[in-house]
Protein chains: 2
Amino acid sequence: MAAPKEMGALAMLLVMAFLSSGSSALPRQLKFSAKHGEFKILQVADMHFGNGKRTPCQDVLPRQVASCSDLNTTAFVRRMILAERPDFIVFTGDNIFGFDASDAVKSMNAAFGPAVTSGIPWAAVLGNHDQESTLSREGVMTHIVGMKNTLSQLNPAGAHVVDGFGNYNLEVHGAEGSRTENKSLLNLYMLDSGDYSTVPSIPGYGWIKPSQQLWFQHTSSRLQKSYSSKPEAQKGAAPGLAYFHIPLPEHASFDSTNSTGVRQEGISSATVNSGFFTTIVAAGDVKAVFTGHDHLNDFCGELTGIHLCYAGGFGYHAYGKAGWSRRARVVVASLEKTQKGSWGTVKAIKTWKRLDDKKLSTIDAQVLWSKSSTNTQRIL
Amino acid sequence: MAAPKEMGALAMLLVMAFLSSGSSALPRQLKFSAKHGEFKILQVADMHFGNGKRTPCQDVLPRQVASCSDLNTTAFVRRMILAERPDFIVFTGDNIFGFDASDAVKSMNAAFGPAVTSGIPWAAVLGNHDQESTLSREGVMTHIVGMKNTLSQLNPAGAHVVDGFGNYNLEVHGAEGSRTENKSLLNLYMLDSGDYSTVPSIPGYGWIKPSQQLWFQHTSSRLQKSYSSKPEAQKGAAPGLAYFHIPLPEHASFDSTNSTGVRQEGISSATVNSGFFTTIVAAGDVKAVFTGHDHLNDFCGELTGIHLCYAGGFGYHAYGKAGWSRRARVVVASLEKTQKGSWGTVKAIKTWKRLDDKKLSTIDAQVLWSKSSTNTQRIL
């Protein structure tokens, strides 16, 4: 690639850094399918990868113990990719279980391997265990960003420093050849929910900090402005989905009476409320939040117009429940057909889960959002 | 005042703007008393000023009704100033009750009048009623900033735009002539807690936004660095006090069993948690938060090392409880004596309230913080 003469030294440096980062191609622009008008996301939560074949499984049935290892996690990723053929794969942290991974790079290369070789664009955020091997959180995220076919980013370039590593947003454009092919119709927000509190008087897990919330707020505002601007100015806001590891305190609002899926353990959010739920409600575009962290919870519940969803535990070298299948969450956003027969904006967002059983059973299918019911929310 | 030759055009402009703002003198640097090693703050919450003599009182005894007006509020401010001789007066919002003030400027001039004429430095933040007369929130705060003897500021100059009007910090330096006369030993954070939610799906009052929290976080961090830097480098962090109008959701943690003072009505915080309590706990320097808004609550309760205190209702044209005296809160920070007989850093922060009865009775005196008990909190 020849550099245009007007390209500054810094830009050249960035391009060179990118080309030397191990990626074989420039990241592709995510877009809705021109054939089906859909965009499908596979969420893989808590792989807890260790050293591969040598790393045993936790909480499986007695008959499964002998032959079970990290390779079962790998096989499940492959089966999910084949069964669902997603447009995008997102790994929501605890991708590796650092304490049992003797080499973070090798563990990550193996863990993300099926995504890399599938050729499908993928991205990851960090959990609370990813930095427990041979790399810091920055080191882990930097390695991920350099892997093939990933759209992961270290952090946004911006006016202020953002806490954590792996805060970024991804746009999903309209279908190729359609009038919205250069416009984002679905926005994905990826955030680093931290690992553990570093404040002596606050025990427990980390949280999304004010700097990250301000970044999110500015990004959401920018995307909403762009969505409603020419060309192809749209009404309202493009729906957004947020992916991160640790659930919010608001996840505790749900039980079996007001959610779909199960709550089989406590909500291991931070012990304090850092206000991110308020920030996303105020922004107005996010329709659902997807986390992992609590492997035995896989529910979705709706609060103030926003669905808070767990994916359920995916990895075999992670606590679970023997006989209760490992699982993954799928989300699909669908475009409406315009009167002229082309694709319009997002009309619905649906989700379901797949179990790692013989049939990869589909369970708990539900509509998270539809244009008709809630798109008036932002009209003041 | 002659401008030094090296003064830039922008700085000159700022000085000129200040000199033309109506202030008769440059704001004074707040400092501890050289005689007593103390700094005393009078908090006046919810004056709810209207038009003065014509504006009647609410919720007073039948025998008080005929002769009671805003002038009783004015008289109470004067009595408090004479009785306590504070070093600083802070008005925590609903300074005027806009709906019943036919001219916001006149109402504010009357409401803050006793502070202005006392010659004591004073500052104000906004409540949810201040903008209901003839000026917007920005207009109200701009007028306040231009008044005599005030240290109020419109907003910090900084890298990012901060939500609201009247977010600023004030430093209280060591005593004149002491080694810390150029160092802040006590930090005051003033914030705009907003008026009402503008988010359709969130009812109720406003809240402190991510932009304000990031400003607070950066300011606290800068002040802590300065406190521990030469000259006169100190250990730990200088204690901080935060003043704003609307209580936090965490104020609801208290009842008569775990607080000092009374809780006679619900906690009218925002209906959502915007995370500011987490942000101040994480910052580590703030020892107490002082709000108004709920006139019938006047308690202080401690949560995670931070006291959350109401001042209790002050103004007569505000709801209250007949026979339950209007009141104000006083806070005094005291310096320790060093072995060499000079003043050291803050050793204790105490508070009490005064009632608007014949004797200006003092009640609920308590220690909010002392150096020996909690100054180790920030040691990791």
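One can find the structure itself at the top, above this paragraph.
Residues numbered from 1 in each chain as written. Chains lettered and ligands numbered in written order. Predicted model: local features only at pLDDT ≥ 70, side-chain atom pairs only at ≥ 80, totals over all residues. Heavy atoms only, no water.

1. Notes on the overall build of chain A
For chain A, the count of helices and strands is nine helices and 14 strands. Rg of the C-alpha trace for chain A: 20 Å, near the compact-globule value of 21 Å for 380 residues, within the 12% margin. Taken along the three principal axes of its C-alpha coordinates, chain A extends 60 × 55 × 50 Å. On chain A, roughly 15,700 Å² of surface is accessible, and the fraction owed to carbon and sulfur atoms is 55%. Counting 37 positive and 31 negative side-chain charges, chain A places the averaged centre of each group 8 Å from the other. (Helix = DSSP H or I, 4+ residues; strand = E, 2+ residues; numbered from the N terminus. Rg over C-alpha atoms; globule rule 2.2 N^0.38 Å. Areas by Shrake-Rupley, 256 points an atom, 1.4 Å probe, with all protein chains shown as cover. Lys, Arg positive; Asp, Glu negative; His and termini not counted. Charge placed at Lys NZ, Arg CZ, Asp CG, Glu CD.)

2. Observations concerning the layout of surface pockets
Considered as a void within the structure, the largest pocket measures approximately 600 Å³ in volume. What lines the largest pocket is a set of 26 residues, among which A:D163, A:T198, A:K209, B:Q217 and B:A282 lie closest to the centre. Listing elements by their share of the lining of the largest pocket, those giving two or more residues are helix 7 (210–227) of chain A together with helix 7 (210–227) and helix 8 (276–283) of chain B. Taken together, the residues of the lining of the largest pocket sort by class into eight nonpolar, 12 polar and six charged. Roughly 500 Å³ of volume is contained in the second largest pocket. Lining the second largest pocket are 23 residues, with A:Q217, A:A282, A:A283, B:D163 and B:K209 positioned closest to its centre. Elements with a contribution of two residues or more to the lining of the second largest pocket: helix 7 and helix 8 (276–283) of chain A together with helix 7 of chain B. (1 Å grid on protein atoms, 1.4 Å probe; cavity = no way out; pocket = protein on both sides within 12 Å on 5 of 7 lines; lining within 4 Å. Points joined across faces, edges and corners; volume = space filled by probe spheres on them. Nonpolar A, V, L, I, M, F, W, Y, C, P; charged D, E, K, R; others polar.)

3. Observations concerning helix 8 of chain A
Here helix 8 of chain A lies mainly inside the structure; seven of its eight residues are buried. Buried within helix 8 of chain A are the following residues: A:F276, A:F277, A:T278, A:T279, A:I280, A:V281 and A:A283. Structurally, helix 8 of chain A contributes buried residues whose contacts are with helix 7, strand 9 (286–291), strand 10 (300–303) and strand 11 (306–310) of chain A together with helix 7 of chain B. Immediately beyond the C-terminal end of helix 8 of chain A, within one or two residues, lies A:G284, with a positive phi of roughly 90 degrees. (Buried < 20%, exposed > 50% of the residue type's maximum accessible area, 1.4 Å probe, protein only. Contact = heavy atoms within 4.5 Å.)

4. Some thoughts on the pattern of salt bridges
As a working rule, side chains carrying opposite charge can pair if their charged atoms are close by. Summed over the entire model, instances satisfying the criterion amount to 22 salt bridges over all chains. Among the ionic pairs, A:K353 bridges to A:D364, the shortest N-O distance being 2.7 Å. In this pair, A:K353 sits in strand 13 (residues 343–355) while A:D364 sits in strand 14 (residues 362–370), placing the two residues 11 residues apart along the sequence. Since its relative accessible area comes to 0%, A:K353 is described here as buried. Given the relative accessible area of 27%, A:D364 is considered partly exposed. As a salt-bridge pair, B:R179 and B:E232 come within 2.9 Å of each other at their nearest N and O atoms. Remark: B:E232 occurs in the loop between helix 7 and strand 7 (240–243) and B:R179 occurs in the loop between strand 5 (168–173) and strand 6 (184–190); sequence separation between them is 53 residues. (Salt bridge = Lys/Arg side-chain N within 4 Å of Asp/Glu carboxyl O.)

5. Observations concerning the side chain of A:N169
Residue and element names in this part refer to chain A. One can find N169 in strand 5 (residues 168–173). Judged by relative accessible area, which is 16%, N169 ranks as buried. For N169, the contacting residues outside a window of four places in its chain are Q153, L188, Y189, W215, T219, R222 and L223.

6. Details of the environment of A:Y227
Residue and element names in this part refer to chain A. Tracing the sequence through the fold places Y227 in helix 7. Expressed as a C-alpha distance, the spacing of Y227 and A238, which sit 11 residues apart in the sequence, is 6.6 Å. Residues within four places of Y227 in sequence aside, it is in contact with K183, S184, L185, E232, A233, Q234, K235, G236, A237, A238 and T345.

7. Describing the relation of the copies chain B and chain A
Rotating chain B by 180 degrees and translating it 0.0 Å along the rotation axis places it on chain A, where the RMSD comes to 0.0 Å. Seen this way, the second copy is the image of the first under a two-fold rotation axis. For chain B, the smallest separation between a C-alpha atom and the rotation axis is recorded for B:G275, amounting to 2.0 Å. (Least-squares fit on C-alpha atoms with pLDDT ≥ 70 in both.)

Interpretation note: all reported values are geometric properties and have no functional meaning in isolation.
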